[in-house]
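Structural description and commentary
What follows is each chain in one-letter form.
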Amino acid sequence: QVRLVESGGGSVQAGGSLRLSCVASGSTYGFGYMAWFRQVPGKERVGVASILRDDKTRYLDSVKGRFTISRDSAKKNLWLQMNDLKPEDTAMYYCAGDARIIFMDSLSESRYSYWGQGTQVTVSS
């Protein structure tokens, strides 16, 4: 079965950095489409960053210039480098993946079929 496992979350002071990792297994060719989402209690899950088959990246406006998404050539390892963290970045972060070639918003939750269990990021002021 396809599986995604995140790690790297934790507590950090505002202005600090964290690097999240996600390891995928169970897909022969890896995932051509991968992304990071985040969610806080009582609010909807939102797309933070995505990376496509051609390695084009896209970011939520509020994290541009601070976060960087990257992936290995096998498309089975995903990272999110988060710099200059702010309290509003506090959330549960999830990685997501999909191998299907379909036209859909890369930061839309419905684009992805496979999800990790989440890793908590807490930023204190």
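In short, a report on the structure. Note that the structure is predicted; figures quoted are calculated from it, not measured.

Definitions and limits used
Residues numbered from 1 in each chain as written. Predicted model: local features only at pLDDT ≥ 70, side-chain atom pairs only at ≥ 80, totals over all residues. Heavy atoms only, no water. Helix = DSSP H or I, 4+ residues; strand = E, 2+ residues; numbered from the N terminus. Polar contact = N/O pair within 3.5 Å; in protein donor to acceptor, adjacent residues only side chain to side chain. Contact = heavy atoms within 4.5 Å. Buried < 20%, exposed > 50% of the residue type's maximum accessible area, 1.4 Å probe, protein only. Pairing = 2+ DSSP bridges.

1. Some words on the side chain of Thr119
Secondary-structure assignment places Thr119 in strand β11 (residues 119-124). A polar atom in the side chain of Thr119 sits 3.1 Å from the backbone nitrogen of Gly9. Here Thr119 is in contact with Glu6, Ser7, Gly8, Gly9, Leu20, Ala91, Met92 and Tyr93, once residues within four sequence places are set aside.

2. A short note on the environment of Met104
With respect to the helices and strands, Met104 occurs in the loop between β9 (91-98) and β10 (114-115). With a relative accessible area of 34%, Met104 lands in the partly exposed category. Discounting chain neighbours no more than four positions away, the residues touching Met104 are Ser110 and Arg111.

3. Re unusual backbone geometry
Within the chain, Lys75 stands out as a residue other than glycine whose phi angle is a positive 60°. Of note, Lys75 is situated in the loop between β7 (67-71) and β8 (77-82). Its identity is not glycine, yet Asp84 carries a phi of approximately 50°, on the positive side. Examined against the element boundaries, Asp84 turns out to sit in the loop between β8 and β9.

4. What about the pairing of β7?
Only one face of β7 is buried: it carries Phe67, Ile69 and Arg71, and the other face, with Thr68 and Ser70, is open. Bridge analysis of β7 against β8 gives five bridges, and the strand direction is antiparallel. Looking at β8, one finds that Thr68 is bridged to Gln81. Two successive antiparallel strands, β7 and β8, enclose a turn made up of five residues, where Lys75 displays a positive phi of approximately 60°.

5. Structural notes on the pairing of strand β1 (residues 3-7)
Of the two faces of β1, the one holding Leu4 and Glu6 is buried and the one holding Arg3, Val5 and Ser7 is not buried anywhere. Strand direction decides the pairing type here: β1 and strand β3 (residues 18-25), joined by five bridges, are antiparallel. The residue bridging Arg3 from the neighbouring strand is Ser25, located in β3.

6. Observations concerning the environment of Arg66
Here Arg66 is to be found in the loop between β6 (57-59) and β7. Taking relative accessible area as the criterion, Arg66 reaches 8% and is therefore assigned buried. Placed 21 residues apart in sequence, Arg66 and Arg45 show a C-alpha to C-alpha distance of 20 Å. In this view, Arg66 contacts Gln81, Met82, Asn83, Asp84, Leu85, Lys86 and Asp89; residues no more than four positions away in its chain are not counted.

Taken by themselves, the reported measurements are silent on function.
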